[in-house]
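Residues per chain, in single letters:
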Amino acid sequence: GAELVVHYSHSAAGAEKTVAEIRGLGRTAVALPADLDDLDAVKSFARAAIDALGGVDVLVNNAGITLSRPFEAVTGEQFDTLYRVNVRAPFFLVQALLPALAASRGTVVNISSIHAFEGHRDFSAYAATRGAVVSLTRQLAVEFQKLPGVYWISSQLDCEGIEDLDYWKRPLKGEVTQVVIGMPQ
């Protein structure tokens, strides 16, 4: 059993319900708010998570927002918001938590989507951000190799809805990661 920080941006009640369920299992849990569209809030959230738990063993980047809109109708602000929440926030959360993850020989799990691999009408902006998460995950595995004392952090990817897994499970040259792509059970 893990001790958990449950992130929320808007629904404190939902997060507190989750925390209560975790505590009901005899585990430690705390709910912490953060607006993932705000880089300072992302960094503050990372510090608060470390303070709440005394360290971090696993980071699961699961938060994200979606947009179903025709390509030609997506505005710059909509695209930027998607990118800030879906790509920039996970990037800087990993960066802020890297010392704690290194100290615990931790794991980063990035959650993406089938939209990163398959085309779906009206999801071009969202799919671009989910593809960026896939690339970020693979790149982190390569980056972690060169950092002294940090090579043991694994970088993992989980994507919902992928049917043909063989192509996506192939390792890249030099990777030290476990890429897990599949459908949640």
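Only a predicted model underlies this, so the values are computations on that prediction, with no experimental measurement involved.

Remarks on helix 2 (residues 39–53)
Turning to step 1, where the next piece is worked out: Here helix 2 is 15 residues long and its end C-alpha atoms lie 22 Å apart, about the 21 Å a rise of 1.5 Å per residue gives.
Turning to step 2, where the next piece is worked out: For helix 2, every residue scored as buried is listed here: V42, F45, A46 and A49. Each buried residue of helix 2 lies within a common arc of 100° when the element is viewed along its axis, so the set occupies one face. In helix 2, the exposed positions angled more than 90 degrees off the buried face are occupied by D40 and D51.
Turning to step 3, where the next piece is worked out: Of the surrounding secondary structure, the elements contacted by the buried residues of helix 2 are strand 1 (4–8), strand 2 (29–33) and helix 3 (76–103).
Turning to step 4, where the next piece is worked out: Put simply, D38 is the residue that caps the front of helix 2, since its side-chain oxygen is 2.9 Å from the backbone nitrogen of D40.

Focus: the environment of K43
Turning to step 1, where the next piece is worked out: Turning to its location among the elements, K43 is positioned in helix 2.
Turning to step 2, where the next piece is worked out: The class of K43 is partly exposed, set by a relative accessible area of 32%.
Turning to step 3, where the next piece is worked out: Residues K43 and F92, spaced 49 residues apart in sequence, show a C-alpha to C-alpha distance of 7.2 Å.

Some thoughts on the side chain of R84
Turning to step 1, where the next piece is worked out: Counting through the fold element by element, R84 comes out in helix 3.
Turning to step 2, where the next piece is worked out: Polar contacts involving the side chain of R84 include one to the side chain of D37, which spans 2.3 Å.

Regarding the packing of aromatic side chains
Turning to step 1, where the next piece is worked out: One pass over the full model with this rule turns up three aromatic pairs.
Turning to step 2, where the next piece is worked out: Look at F123 and Y126: their rings are 6.2 Å apart centre to centre, the planes differ by 65°, and that puts the pair in the edge-to-face class.
Turning to step 3, where the next piece is worked out: For Y126, a relative accessible area of 11% corresponds to the buried category.

What to know about the side chain of N110
Turning to step 1, where the next piece is worked out: Positionally, N110 belongs in strand 4 (residues 107–111).
Turning to step 2, where the next piece is worked out: What makes N110 buried here is its relative accessible area of 1%.
Turning to step 3, where the next piece is worked out: Within the structure, N110 has its side chain in polar contact with the side chain of N61 (distance 2.8 Å).
Turning to step 4, where the next piece is worked out: Within the structure, the side chain of N110 is placed 2.9 Å from the side chain of T137, a separation counted as a polar contact.

A few points about unusual backbone geometry
Turning to step 1, where the next piece is worked out: For D122, which is not a glycine, the phi torsion comes out positive at approximately 75°.
Turning to step 2, where the next piece is worked out: Relative to the assigned elements, D122 resides in the loop between strand 4 and helix 4 (124–146).
Turning to step 3, where the next piece is worked out: The exposure class assigned to D122 is partly exposed, which follows from its relative accessible area of 30%.

Some points on helix 3
Turning to step 1, where the next piece is worked out: Given a rise of 1.5 Å per residue, 28 residues ought to cover 40 Å, and the 39 Å separating the end C-alpha atoms of helix 3 matches this to within 8%.
Turning to step 2, where the next piece is worked out: Most pronounced at L97, the bend in helix 3 amounts to some 55°, and the proline P99 follows within four residues.
Turning to step 3, where the next piece is worked out: Directly beyond the C-terminal end of helix 3, a positive phi value near 55° is found at R105.

Quick notes on the pairing of strand 3 (residues 58–61)
Turning to step 1, where the next piece is worked out: Where burial is concerned, the two faces of strand 3 differ: the one with L59 and N61 is buried and the one with V58 and V60 is not.
Turning to step 2, where the next piece is worked out: When strand 3 meets strand 4, the two strands line up parallel, connected through four bridges. Across the sheet, V58 pairs through a bridge with T107, a residue of strand 4.
Turning to step 3, where the next piece is worked out: This β-α-β element, strand 3 to helix 3 to strand 4, shows right-handed connectivity.

So, the nonpolar core
Turning to step 1, where the next piece is worked out: Ranked by size, the top nonpolar core spans 21 residues in total, and within it L36, L93, V94 and L97 carry the most contacts.
Turning to step 2, where the next piece is worked out: Those elements that provide at least two residues to this core are helix 2, helix 3 and helix 4.
Turning to step 3, where the next piece is worked out: By residue number, the principal contributor to this core is helix 3, which donates eight residues.
Turning to step 4, where the next piece is worked out: In this structure, V6, A15, V19 and I22 belong to the second largest nonpolar core, which totals seven residues.

Cut-offs applied
- Position labels on residues start from 1 in each chain and follow its written sequence.
- Given that the model is predicted, a residue must reach a pLDDT of at least 70 before its local features are reported, and side-chain atom pairs must reach 80 or more before they are shown or counted; all residues, however, enter totals for whole chains, interfaces and linings.
- Processing note: side-chain calculations cover all non-hydrogen atoms of the structure and skip hydrogens and water entirely.
- Put simply, DSSP marks the helices as runs of H or I at least four residues long and the strands as runs of E at least two long, and each gets a number from the N terminus on.
- The span expected for a helix works out to 1.5 Å for each residue beyond the first.
- Between buried and exposed lies partly exposed: a residue is buried under 20% and exposed over 50% of the maximum accessible area for its type, with that area taken using a 1.4 Å probe on protein chains only.
- Picture the helix axis, draw a direction to every C-beta atom, and the arc is the one those directions span.
- In this description, contact between two residues means that some pair of their heavy atoms is separated by no more than 4.5 Å.
- Here a polar contact is recorded for every N or O atom pair within 3.5 Å, except that within protein the pair must consist of a potential hydrogen donor and a potential acceptor, and residues adjacent in sequence are included only if both atoms are side-chain atoms.
- Ring pairs are drawn from Phe, Tyr and Trp, using the six-membered ring of Trp, whenever the two centres fall within 6.5 Å, and their geometry is named by plane angle: stacked under 30 degrees, edge-to-face over 60, tilted for the rest.
- A residue's bend is simply the angle between two axes: one fitted to the seven residues ending at it, one to the seven starting at it.
- Only when DSSP finds a minimum of two bridges between them are two strands counted as paired.
- Handedness of a crossover: with both strands directed away from the viewer, a clockwise path from the first strand across the helix to the second marks it as right-handed.
- The term nonpolar core refers to a set of buried residues drawn from Ala, Val, Leu, Ile, Met, Phe, Trp, Tyr and Cys, joined through side-chain atoms within 4.5 Å.

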